[in-house]
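# Close look at the chain arrangement
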Amino acid sequence: MHTLLSGTRFRHIVSTDQFNNVQVLNELFEAVDHVQTLSATERLSLLPHKLLATIFFEPSTRTRLSFETAMYRLGGQVISSESAGISSSGTKGETIEDTIRTLGAYADAIVLRHPERGSVAKAAEVSSVPVINAGDGAGEHPTQALLDLYTLSTHLGRSLHGKTIALVGDLLYGRTVHSFIKLLSLYKHVRIILVSPRELKIPSEYKPSEVAWEEVDNFSAIGDQVDALYVTRIQKERFLDQSTYTKLQRSYVVNKATLKILKPNGIIMHPLPRVGEISPEVDTDPRAMYFEQIRNGVFVRMALLQWLLSDV
Ligand code: NCD
């Protein structure tokens, strides 16, 4: 039996706060590298007889399907409630706690996405099996941030020493950014530039700590300084007032003109989905990494599932 991650053990993955040192991240990334060296047959022997439940109360393409891909590719199986917001007993008024107790009677781990911030932590408290946060409203999205960091550090060097990373777009509601900033703050020699309209600034509890950082609203002024541009979607579904969304939705657009000012080795990332903030004309540029993020996501989730579920 291969063990992808043998040292650190977590019961649940709720927040990137849990990944509170670079060593544990390096251990994870070694496991991610390792799983990529295995053959498809070897991977199938990693989690046989394990069952994963995915339950998503909000839309998803990548997160749910990449967890399910990872589980099947490790030899496990999956049960899925993909439109739980309209089809689960939650619509009858069942609490998230009771839903999770139910899934814990069926599966060995649960991947949960829910619109309410803090809901996944609540679920983990009552769960008899590991719970993984696949996005809790405008809170966090830890596994996305881990795959983002894996991709970033694969290109910029694992130490990220002296690197400048710009996070662009909806920093108020963007949960991937909230989780990502916590991880980046562990690297003492990075510089973070937060680029957002005034209305969508980072909430105080997610501000970077112990690293150099600044806030700006003008994206073109910093384009030539960054080693990575992490672009996000303005989170339409979180706005109470759609006219504010309409006003802000085109705040930043990465296009051919951006490519001209970006450093030759500066990379462009996005958790996806994009809705206009990166033009398709950027896709064939070698610095565009958002499709690579998708591929890495499966391997990162394989390592995490094995970490949580392996018997050895
Ligand atoms: C993100 C999410 O759901 O938070 N998507 C994802 O999981 N890759 C980003 C977004 O929806 O904008």
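As shown above, the structure is provided for reference.
I will try to describe carefully the structure that is included in this document. These numbers were taken from a predicted model, which means no experiment stands behind them. Per chain, residue numbering runs from 1 following the sequence as it is written. Thresholds applied to this predicted model are a pLDDT of at least 70 for local features of residues and 80 or more for the giving and counting of side-chain atom pairs; totals over whole chains, interfaces and linings are not thresholded and use all residues. Calculated side-chain values reflect all of the structure's heavy atoms, with hydrogen atoms and water omitted.

Using only the protein atoms, space was sampled on a 1 Å grid; points where a 1.4 Å probe fits but cannot get out form cavities, open sets with protein on both sides within 12 Å along at least five of seven lines form pockets, and lining residues are those with an atom within 4 Å of a point. Grid points are joined across faces, edges and corners, and a volume is the space filled by probe spheres set on the points. A full pass over the atoms with the stated rule returns two cavities of 30 Å³ or more. For the largest cavity, the calculated volume is near 40 Å³. Around the largest cavity, the lining residues are Val168, Gly169, Val231, Thr232, Ile234, Gln249, Tyr252 and Glu277. Here the lining of the largest cavity is built from residues that sort into four nonpolar, three polar and one charged. A volume near 30 Å³ is recorded for the second largest cavity. In terms of lining, the second largest cavity is formed by Arg233, Ile234, Tyr245, Gln249, Val275 and Glu277. Only Asp, Glu, Lys and Arg are considered charged, only Ala, Val, Leu, Ile, Met, Phe, Trp, Tyr, Cys and Pro nonpolar, and every remaining residue, Gly among them, polar. Residues that form the lining of the second largest cavity fall into these classes: three nonpolar, one polar and two charged.

So, on to helix 7 (residues 142–156). When the terminal C-alpha atoms of helix 7 are compared, their 21 Å separation across 15 residues agrees well with the 21 Å that a helix rising 1.5 Å per residue should span. Burial classes follow relative accessibility: with a 1.4 Å probe on protein chains only, a residue under 20% of its type's maximum area counts as buried, one over 50% as exposed, and anything between as partly exposed. Counting from the N terminus, the helices are DSSP H or I runs at least four residues long and the strands are E runs at least two residues long. For helix 7, a buried count of 13 out of 15 residues is recorded, marking the element as mostly surrounded by other parts of the structure. Downstream of helix 7 by one or two residues, Gly157 has phi in the positive range, about 100 degrees. To estimate how far a helix should extend, the number of its residues minus one is multiplied by 1.5 Å.

So, about the site of the ligand. Every residue near the ligand is listed here: Thr63, Arg113, His141, Gln144, Arg175, Thr176, Arg233, Gln235, Pro271, Leu272 and Pro273. A distance of 2.8 Å separates an oxygen atom of the ligand from a polar atom in the side chain of His141. Between the ligand and the protein, one listed contact pairs a nitrogen atom with a backbone N or O atom of Pro271 at 3.0 Å. Where accessible areas are quoted, they stem from the Shrake-Rupley method and a 1.4 Å probe; at the residue level, only the protein chains shown are allowed to cover. Burial of the ligand by the protein chains amounts to 93% of its free accessible area of 320 Å². For this analysis, a molecule is said to be in a pocket or cavity if more than half of its atoms are within 2 Å of the grid points defining it. The cavity where the ligand resides is the largest pocket. Tallied by class, residues from the shell around the ligand come to three nonpolar, five polar and three charged. When at least one non-hydrogen atom of a residue lies within 4 Å of a molecule or strand, that residue is treated as near it. Pairs of N or O atoms are called polar contacts if they sit within 3.5 Å, as long as, within protein, a hydrogen donor faces a hydrogen acceptor (for residues adjacent in sequence, only side-chain-to-side-chain pairs).

What follows deals with the nonpolar core. Among the nonpolar cores identified, the biggest contains 63 residues, and Phe19, Leu25, Leu149, Leu152, Leu167 and Leu305 are the most heavily contacted of them. Take this core: its biggest share by element is ten residues, from helix 11 (residues 290–309). Among residues more than four places away in sequence, those in contact with Phe19 are Phe10, Ile13, Val24, Leu25, Leu28, Leu146, Leu183, Leu186, Leu304 and Trp307. If you look at the next biggest cluster of nonpolar residues, it comprises 19 residues, including Ala166, Leu229, Tyr252 and Leu259. Definition of nonpolar core: a set of buried residues of the types Ala, Val, Leu, Ile, Met, Phe, Trp, Tyr and Cys, connected through side-chain atoms within 4.5 Å. Every residue pair with non-hydrogen atoms within 4.5 Å of one another is taken to be in contact.

Moving on, we come to the side chain of Glu58. Within the secondary structure, Glu58 sits in the loop between strand 1 (51–56) and helix 3 (62–73). Looking at Glu58, its side chain comes within polar contact range of the side chain of Arg175, at 2.9 Å. Side chain to side chain, Glu58 and Arg238 meet in a polar contact 2.8 Å long.

So, on to the environment of Leu74. Here Leu74 is to be found in the loop between helix 3 and strand 2 (77–81). Here Leu74 falls in the buried class, since its relative accessible area comes to 0%. Sequence separation of Leu74 and Leu152 is 78 residues, and the distance between their C-alpha atoms is 25 Å. Not counting residues within four places of it along the chain, the set of residues in contact with Leu74 comprises Arg43, Leu44, Ser45, Leu46, Leu47, Pro48, Met302 and Leu305.

Leu272 connects to Pro273 through a cis peptide bond whose omega is 5 degrees. Turning to its location among the elements, Pro273 is positioned in the loop between strand 9 (267–269) and helix 11. We note that Glu210 has phi near 60 degrees; this positive angle belongs to a residue other than glycine. Along the chain, the position of Glu210 falls in the loop between strand 6 (191–195) and strand 7 (212–216).

In this description, strands pair whenever DSSP reports at least two bridges between them. Inspection of the sheet shows strand 1 paired to strand 2 by five bridges, in the parallel sense. If you follow Ile55 over to strand 2, its bridge partner there is Ser81. Seen with its strands pointing away from the viewer, a crossover is right-handed when the path leading from the first strand over the helix to the second is clockwise. The β-α-β motif built from strand 1, the intervening helix 3 and the parallel element strand 2 has right-handed crossover chirality.

Before going further, it helps to examine the packing of aromatic side chains. Planes of paired rings set the category: under 30 degrees apart is stacked, over 60 is edge-to-face and the rest tilted, where pairs are Phe, Tyr or Trp rings (Trp by its six-membered ring) whose centres lie within 6.5 Å. All told, the structure shown has seven aromatic pairs when counted by the stated rule. Taken together, a centroid distance of 4.8 Å and an interplanar angle of 50 degrees make the contact between Phe180 and Tyr230 tilted. Residue Phe180 is located in helix 8 (residues 175–184), and its partner Tyr230 is located in strand 8 (residues 228–231); the two are separated by 50 residues in the primary sequence. For the pair Phe180 and Tyr230, one class covers both residues: buried.

Salt bridges are defined as contacts in which a side-chain nitrogen from Lys or Arg sits within 4 Å of a carboxyl oxygen from Asp or Glu. Counted under the stated rule, the structure contains 19 salt bridges. Put simply, Lys188 and Glu210 hold a salt bridge, and the shortest N to O gap is 3.6 Å. Highlighted residues: Lys188 in the loop between helix 8 and strand 6 and Glu210 in the loop between strand 6 and strand 7, separated in sequence by 22 residues. According to the relative accessible area criterion, Lys188 is partly exposed, its value standing at 42%. Across the pair Glu214 and Arg191 runs a salt bridge, and its minimum N-O distance is 3.1 Å. One end of the pair, Glu214, is in strand 7; the other, Arg191, is in strand 6, with 23 residues separating them in the sequence. Residue Arg191 is classed as partly exposed on the basis of its relative accessible area of 26%.

Everything listed is a geometric property; what it means functionally is a separate question.
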